[in-house]
Amino acid sequence: MSKYNVRVRTFQKSYIRIGPALLGVLQLERSEGFTEEGDPLDTLSYVIESRAKTSDYVEVEIEFISRSRSHETLPDKIIRGEYGVAKRFQARPLFPRPAKLLRVGVVRLPRIMESMKKQGATPR
């Protein structure tokens, strides 16, 4: 039988306000890992099904420790599974899966127009 490590990260949808903008974000709710044995695709589907009922986004990574001859067609390193309900957000997501947000800026139109006038540019 194949042995593999499973890492599961679950995210919950929430909203944050930055100035006049309201952003929908996926916040990391829980991260857990465990070792499993058997068919990794069964584990992948079971984890996604069970976690998707309580979370807005589930990310699963499976990394093989050892493989049996019966699983020679599977990749050597990682199987990844994701399930997300980003469509529940009112707007299009900026990135297709959760990513660390490093910087956010809100640009207001009156300030842009004022800056363009100071530089001698004519707004279109």
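Quantities reported herein were computed from a predicted structural model and do not represent experimental measurements. (Residues numbered from 1 in each chain as written. Predicted model: local features only at pLDDT ≥ 70, side-chain atom pairs only at ≥ 80, totals over all residues. Heavy atoms only, no water.)

Considering the overall build of the protein chain
Helix and strand counts for the protein chain come out as 2 helices and 4 strands. The order of α-helices and β-strands along the protein chain, N terminus first, is β-β-α-β-β-α. Buried positions account for 26% of the 124 residues belonging to the protein chain. Expressed as a percentage of contacts within the protein chain between residues at least 6 apart in sequence, the contacts between residues at least 24 apart total 63%. (Helix = DSSP H or I, 4+ residues; strand = E, 2+ residues; numbered from the N terminus. Buried < 20%, exposed > 50% of the residue type's maximum accessible area, 1.4 Å probe, protein only. Contact = heavy atoms within 4.5 Å.)

Quick word on the pattern of salt bridges
For the structure shown, the criterion picks out 4 salt bridges. Notably, a salt bridge pairs E32 with R30, separated by 2.6 Å at the nearest N-O pair. Under the relative-accessibility criterion, E32 is labelled partly exposed at 25%. (Salt bridge = Lys/Arg side-chain N within 4 Å of Asp/Glu carboxyl O.)

Describing a nonpolar patch on the surface
On the surface, V107, L109, I112 and M113 cluster together into a nonpolar patch covering about 360 Å² of accessible area. The residue M113 is located in helix α2 (residues 109-118) in this model. On the accessibility criterion, M113 (31% relative accessible area) is partly exposed. (Patch = residues over 30% accessible without salt bridge, like charges linked within 9 Å, V, L, I, M, F, W, Y side chains within 5 Å. Areas by Shrake-Rupley, 256 points an atom, 1.4 Å probe, with all protein chains shown as cover.)

Considering the packing of aromatic side chains
What the rule picks out here adds up to 1 aromatic pair. Both rings, one in F11 and one in Y57, keep their centres 5.9 Å apart while their planes meet at 75°; by these two values the pair is edge-to-face. Note that F11 is positioned in strand β1 (residues 3-18) and Y57 in strand β3 (residues 57-66), a separation of 46 residues in sequence. Considered together, F11 and Y57 belong to a single accessibility category, that of buried residues. (Phe/Tyr/Trp six-rings, centres within 6.5 Å; stacked < 30°, edge-to-face > 60°.)

Focus on the environment of A21
With respect to the secondary-structure elements, A21 resides in strand β2 (residues 21-37). The exposure class assigned to A21 is partly exposed, which follows from its relative accessible area of 23%. If sequence neighbours within four positions are ignored, A21 has contacts with I16 and V106.

Observations concerning the pairing of β2
As paired strands, β1 and β2 are joined by 16 bridges and run antiparallel to one another. The residue of β2 that forms the bridge with N5 is T35. (Pairing = 2+ DSSP bridges.)

Quick word on the nonpolar core
Counting 10 residues, the largest nonpolar core consists of Y4, V6, V8, L44, V47, I48, V58, V60, I62 and F64. Elements supplying a minimum of two residues to this core: β1, α1 (40-52) and β3. Among the elements that make up this core, the one with the highest residue count is β3 (4 residues). Excluding residues that lie within four positions of it along the chain, Y4 makes contacts with F34, T35, E36, E37, G38, D39, P40, T43, I62, E63, F64 and I65. (Core = buried A, V, L, I, M, F, W, Y, C linked by side-chain atoms within 4.5 Å.)

Quick look at the confidence of the model for the protein chain
Looking at the protein chain as a whole, its pLDDT mean stands at 76, while 75% of the residues score no less than 70. By mean pLDDT, strand β4 (residues 78-84) is the weakest element of the protein chain at 71, and β2 is the strongest at 87. (pLDDT = per-residue confidence, 0-100.)

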